[in-house]
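As a plain string of letters, each chain reads:
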Amino acid sequence: MRVRVARNVPFRRAACGVIRRCASTVQNDTKETQERIPPLLTGREIRNKFLEFFEQRGHRRLPSSSLVPEDPTVLLTIAGMLQFKPIFLGQMPRQFPRVTTTQKCIRTKDIENVGVTARHHTFFEMLGNFSFGDYFKREAIELAWELSTEIFCLPKERLWISVFREDDEAYDIWKDAVGVSESRIIRMGEEDNYWVSGPTGPCGPCSELYYDMHPERGMDGVDLDDGSRFIEFYNLVFMESNRLSDGKMVPLQNKNIDTGMGLERMAQILQRVPNNYETDLIFPIVSKAAELAGVDYKACNSKTKVSLKVIGDHIRAAVYLISDGVNASNVGRGYILRRLIRRVVRSGRLIGIQNENCFTPSLAAEAIKLSGDCDPTVQEKEYQILEELEKEEERFSNTLDRGEKLLEEFLEKSKATSGTLSGKDAFLLYDTYGFPLEITQDAAAEQNVSVDVPGFELEMAKQRRQSRAARQEVDLTKQASLAKVAESLGSTLFVGYHELEVSSTVEALLIDGEVVEEALEGDEVEIILNTTCFYAESGGQVGDHGSLSRKDVHVTITDCQKVSGSLYVHLGSVESGKITTGMTLTARVDDSLRKRAVAHHSATHLLQSALKQVLGDSVAQKGSLVGFDRLRFDFNFPKPVASSDLDVVEKTVNEWIAQNIESKVATMEIETAKKMGALATFGEKYGSTVRVVEFEGASIELCGGCHVENTSEIGAMKIISEGGIASGIRRIEAVAGPSALEYLTAREKIVRDVSLALRVRPEELLSRIQVLQHELLASKKEAEELRAEIAILKSEKLLESVIQLEGGRCLLVSRMDGVSPGALSEAAQTLQKRMGDNGAAVLGSASAEGKVNLVAAFGPQVVSSGANAGKLVGQVAKICSGGGGGRPNLAQAGGRDASKLPDALERAKELLISIPIA
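Fair warning: this is a prediction, and the values are worked out from it, not measured in the lab. (Residues numbered from 1 in each chain as written. Predicted model: local features only at pLDDT ≥ 70, side-chain atom pairs only at ≥ 80, totals over all residues. Heavy atoms only, no water.)

Enquirer: I'd like a description of the overall build of the protein, backed by residues and values.
Expert: Looking only at helices and strands, the protein has 27 helices and 35 strands in total. In terms of overall dimensions, the protein has a C-alpha envelope of 105 × 75 × 60 Å along the principal axes. Per-residue burial over the protein gives 50% buried out of 918 residues. (Helix = DSSP H or I, 4+ residues; strand = E, 2+ residues; numbered from the N terminus. Buried < 20%, exposed > 50% of the residue type's maximum accessible area, 1.4 Å probe, protein only.)

Enquirer: How would you explain the packing of aromatic side chains if you had to name every residue and give the values?
Expert: Applying the stated criterion across every chain, the model contains 17 aromatic pairs. Taking the centre distance of 5.6 Å and the plane angle of 15° together, the rings of Phe 494 and Tyr 568 count as stacked. Separated by 74 residues along the polypeptide, Phe 494 in strand E12 (residues 493–494) and Tyr 568 in strand E20 (residues 567–576) bring together distant segments of the chain. By the burial criterion, Phe 494 is buried, and Tyr 568 matches it. Each residue in the set Phe 50, Phe 53, Phe 54, Phe 233 and Tyr 234 is aromatic and connected to the rest through ring pairs, giving one cluster. (Phe/Tyr/Trp six-rings, centres within 6.5 Å; stacked < 30°, edge-to-face > 60°.)

Enquirer: Tell me about the sheet that holds strand E25 (residues 663–669), and please be specific about residues and values.
Expert: Note: strands within a sheet are paired through backbone hydrogen bonds, in either parallel or antiparallel orientation. With respect to topology, 3 strands assemble into an open sheet ordered E25-E26-E27, the strand pairing being antiparallel. Looking along the sheet, the strands with just one partner apiece sit at the ends: E25 and strand E27 (699–702). The average undirected angle you get between the axes of adjacent strands in this sheet is 20°. Relative to E27, strand E26 (residues 689–695) runs antiparallel, the two sharing 4 bridges. Within E27, the residue paired with Phe 695 across the bridge is Ser 699. (Pairing = 2+ DSSP bridges. Axes fitted to C-alpha atoms, helices over the stretch in contact; angles between N-to-C directions.)

Enquirer: For helix H8 (residues 283–293), give the residues involved together with the corresponding values.
Expert: With 8 of 11 residues buried, H8 is to be regarded as a mostly interior element. Taken as a whole, H8 has its buried residues at Pro 284, Ile 285, Val 286, Lys 288, Ala 289, Ala 290, Leu 292 and Ala 293. Where H8 is buried, its residues contact helix H9 (302–323) and helix H11 (360–369). After H8 finishes, the residue Gly 294 shows a positive phi value of roughly 70°. (Contact = heavy atoms within 4.5 Å.)

Enquirer: With reference to specific residues and values, describe the nonpolar core.
Expert: With 107 residues, the main nonpolar core has Phe 152, Trp 174, Phe 233 and Tyr 234 as its most contacted residues. By residue number, the principal contributor to this core is H9, which donates 10 residues. Counting residues in each nonpolar core, the second largest holds 56 residues, with Val 553, Leu 631, Ala 698 and Cys 706 among its members. (Core = buried A, V, L, I, M, F, W, Y, C linked by side-chain atoms within 4.5 Å.)

Enquirer: Before we move on, can you summarise the packing of helix H13 (residues 382–416) against helix H14 (residues 423–433) with the specific residues and values?
Expert: Two measures define how a pair of helices packs: the angle their axes make with one another and the distance between the axes. Interaxial distance between H13 and H14 falls to 11 Å at its minimum, and their mutual angle equals 175°. Relative to H14, the element H13 lies roughly antiparallel. Where H13 abuts H14, its residues Thr 399, Arg 402, Gly 403, Leu 406, Leu 407, Phe 410 and Lys 413 lie against Asp 425, Leu 428, Leu 429 and Tyr 433. Each residue belonging to the contact of H13 with H14 can be placed in one class, and the counts come to 6 nonpolar, 2 polar and 3 charged. (Parallel < 35°, antiparallel > 145°, perpendicular 65-115°, else oblique. Nonpolar A, V, L, I, M, F, W, Y, C, P; charged D, E, K, R; others polar.)

Enquirer: For the pattern of salt bridges, give the residues involved together with the corresponding values.
Expert: Opposite charge on two side chains allows them to pair when their charged atoms are near. According to the stated counting rule, one finds 46 salt bridges in the structure shown. Here Asp 168 ties to Arg 187 by a salt bridge, and the two come within 2.9 Å at their closest N and O atoms. With a gap of 19 residues between them, Asp 168 in helix H5 (residues 168–178) and Arg 187 in strand E5 (residues 185–188) connect regions that are remote in the sequence. Arg 594 is the salt-bridge partner of Asp 544, the closest N and O atoms lying 2.7 Å from each other. You can see Asp 544 sitting in the loop between strand E17 (531–532) and strand E18 (546–550) and its partner Arg 594 sitting in helix H19 (residues 591–615), a full 50 residues away along the chain. Each of the two residues, Asp 544 as well as Arg 594, counts as buried. Each of Arg 44, Arg 47, Glu 125 and Asp 373 takes part in one network of salt bridges that share partners. (Salt bridge = Lys/Arg side-chain N within 4 Å of Asp/Glu carboxyl O.)

Enquirer: Give a description of the packing of H9 against helix H10 (residues 332–350) that names residues and reports values.
Expert: Where H9 contacts H10, the two axes come as close as 9 Å, and the packing angle between them is 150°. In terms of axis orientation, H9 runs roughly antiparallel to H10. As H9 packs across H10, the resulting crossing turns out to be left-handed. When H9 is examined against H10, the residues Ser 307, Val 310, Ile 311, His 314, Ile 315, Ala 317, Ala 318, Leu 321 and Ile 322 are found in contact with a partner set consisting of Leu 337, Leu 340, Ile 341, Arg 343, Val 344, Ser 347, Gly 348 and Leu 350. (Left-handed = near helix turned anticlockwise from the far one by under 90°.)

Enquirer: Give me the lowdown on the side chain of Asn 710, citing residues and values where you can.
Expert: With respect to the helices and strands, the residue Asn 710 is situated in the loop between E27 and strand E28 (717–726). At 2.3 Å, the side chain of Asn 710 forms a polar contact with the side chain of Ser 712. For Asn 710, the contacting residues outside a window of four places in its chain are Asn 660, Ile 661, Glu 662 and Ser 663. (Polar contact = N/O pair within 3.5 Å; in protein donor to acceptor, adjacent residues only side chain to side chain.)

Enquirer: So, the environment of Met 676: which residues are in play, and what are the values?
Expert: If you trace the backbone, Met 676 turns up in the loop between helix H21 (670–675) and E26. Leave out the neighbours within four places in its chain, and Met 676 touches Met 668, Glu 694 and Ile 700.

Enquirer: Got a sec to walk through the sheet that holds strand E35 (residues 890–895)? Specific residues and values, please.
Expert: Here we have 6 strands laid out as an open sheet, ordered E30-E31-E32-E33-E35-E34, and mixed in their pairing. At either end of the open sheet lies a strand with only one pairing partner, and these are strand E30 (803–804) and strand E34 (883–886). With 7 bridges connecting them, strand E32 (residues 839–846) and strand E33 (residues 852–858) associate as antiparallel partners. Along E33, the bridge assignment pairs Ser 845 with Asn 853. Across the face of the sheet, helix H24 (residues 821–835) comes into contact with strand E31 (810–815), E32, E33 and E35 while running at roughly 155° to E32.

Enquirer: Hey, could you go over H24 for me, with residue numbers and the actual values?
Expert: Helix length check: H24 (15 residues) gives 21 Å between terminal C-alpha atoms against 21 Å at 1.5 Å per residue, within 8%. All of the buried residues in H24 are Ala 823, Leu 824, Ser 825, Ala 827, Ala 828, Leu 831, Gln 832 and Met 835. Directly after H24, the chain includes Gly 836, whose backbone phi takes a positive value near 100°. (Expected span 1.5 Å × (residues − 1).)

Enquirer: Give a detailed account of the environment of Glu 366, specifying residues and quantitative values.
Expert: Relative to the assigned elements, Glu 366 resides in helix H11. You can call Glu 366 buried: its relative accessible area is 18%. Distance in space between the C-alpha atoms of Glu 366 and Val 286 is 9.4 Å, their sequence separation being 80 residues. Beyond its immediate stretch of four places on either side in the chain, Glu 366 contacts Pro 284, Ile 285 and Lys 288.

Enquirer: A description of unusual backbone geometry should follow, citing residues and the corresponding values.
Expert: Located in the positive-phi region is Arg 272, a residue other than glycine, with phi close to 55°. Counting through the fold element by element, Arg 272 comes out in the loop between helix H7 (263–271) and H8. You can call Arg 272 partly exposed: its relative accessible area is 42%. For Asn 448, which is not a glycine, the phi torsion comes out positive at approximately 60°. You can see Asn 448 is positioned in the loop between helix H15 (437–446) and strand E11 (450–451). Under the relative-accessibility criterion, Asn 448 is labelled exposed at 72%.

Enquirer: Help me get a handle on the state of the cysteines, residues and values and all.
Expert: Under the defined criterion, the tally for this structure stands at 0 disulfides. Of all cysteine sulfurs in the structure, the one in Cys 374 sits closest to Cys 105, which takes part in no disulfide; the separation is 9.0 Å. Residue Cys 703 stays outside any disulfide, its sulfur separated by 8.4 Å from that of Cys 706, the closest cysteine. (Disulfide = S-S within 2.5 Å.)

These figures capture arrangement, not role.
Take a look at the structure:
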């Protein structure tokens, strides 16, 4: 069924008109129009153009897989590559070397952002092209560029590229093969540009394409994460490794390509609308909801628009989930569906939909009309979909009527007392009346009441402990992910801000990803406790080390990680005894390592404040690592930081340390924290209530990490390096606390040892080194001159093998190993001069390391006959996996495969002989 938009006729005319001329610029008198105008395309047209493009280039079009994956490690299909995971892992033979799909996906991790941001969704379509050991980076990049600029006609000057910081190959392809300006290629870190499918499985570096909606903002201080300016619309994953359960990375059997283009995002770009919800993929549902509520979408306030967008997004997700066999329930996928439907019903009530009959079926009918090209089977299941929605809406409406009255009573009581709805009351609403915590939080927020989430989670944990049988029903197979364990166990109580030793009960054990009841001596194990003093890695701070023990058991803990945001997983090895679920142990954090971590964490806060003070308030954190041995701080700055500025920064931090400033830690509403000027930590997500760490007069930040009680505990901070890691991103590494003393002691020893070796005092080291450098350079120059003389002497013998051609042409192709590139060039030029103006010499050499050097020297008559030394030597060098070039009369090249040097020289001889004689 064809998707229609409100302005159907002019929309189609504009699309057709622009498609015919998109390959050229639109010529007008104004500068703003000197770029190609992308066509106005419907979502259906975008989808078809993508799939047809890759079909025409040898890809087999395959249907979308179900939202219920065969892979037991994930609950729902979250990416286009999921159905091909066994092929990527080499567990299943490929049927086709390259394929293309449009895949329906569900992600609910950021459900709170749906309707709030321009591009967050629970349901979305991912267009993709895949290669299974066929093509790799270069072709994937070139195909993506051709599709974006020639098929969708996106102006090249509006496209920005991100690559993984260590992926020089991808960077060079974009720059050299495609021709993207280096100023629009941004290197980014692992969290942005290294794709992983989960804790285990296929992974690899990726490259992303961004569309610039506001190029007029210029090139300075560009941040690709700025959603108001950039849309990331295409992700290219170069899948080359497999992450095992022990964290080891092993190469995949074949290098593969996995790409994803968000259909909704491309529709936003090409349909020129401010957000994905106003594209023809979703807006018909939003319009229907507005009609049922008796409101005009364009005239609505922002709050009503958010509710309408939530309805449009969640109904789509619910329709496809039901179509794929998911029914509403209180567990697993069923709970996700129930939560989505109930958020739709709740949002509908908020905007005034008061139908006597259920309203979700009429909204779903709109979504079903739009489903044809994504999944044709949805329309075949329309009756079942509408029936399930009606049944679930009726059930929830009845519950809402009873529960809303109780909720209102709880909220009134909370407003009159503490302003917080208790966790016990929130759990009663959840357990008895089916109110998801999120809906209770939404309703409470509308009346400025907070919800005691830790209290809710405590009640949830009590229920789970009382119902062990129910917990055993959760699928905990060998492949089951920790996310499922988290779903079963809930959250871990963390007491480690103030306690470094606590008695705790083992809730679950995992070995190689499989849940077990016991772990024996020698086992590497993941341990989940009900209470912990171990800090789990987050906010840049590494996880604590320590031990779990009792009289007959000792487990060494070497890391602690969070799963699903609140479940703490302790990684360690059983040194003695046997550990079992239900066992009570003493958890102890390694105090000395914790002190090192907190010194570095607090120093990081002071460092950021000092950088802002010295370099300007525009400095913002772009990443950090707080380790036991050092700290790393990434920030935006357009150039290297001057040594003098680094000195001032370091001095400022150490002055604050010496001032013995006490840390003040408080929990408050995020708006209150922002008004106080608290800085947010890069990469962290915050709820309505946040933890604020302040060193008065020096630093105030939102932070969940561990800190010193006063700055004097840091001791000192020393900056050890500063450098660039990406365009406009700098990195400082520093040491603090005991690590600073160790660093300075080690450097002092080096200075002492060098002084003894050079027989000078430490203050004389610099001048002595400068003298040695001068002497070394002079010696190198003298040695090079001698090597050149030796090479020329050796080359004299080569004149005996000169090839004489008709017309007086002289050719010499030979090998001279053990000669430097400079000496080889001198020898080639000398030989050419000895042969005369009609002479041509090509010399090659191979070093002991296997590197190849080639030089071509042509006389004037050879050049005048059309020969070009640069082109010849560049062509020949490719045989040795190298390249190079130069002038028509003199050129030099290199290579990496010395075994092919004889072949390269033979080819050079053939090319020289084929040169016509003038």
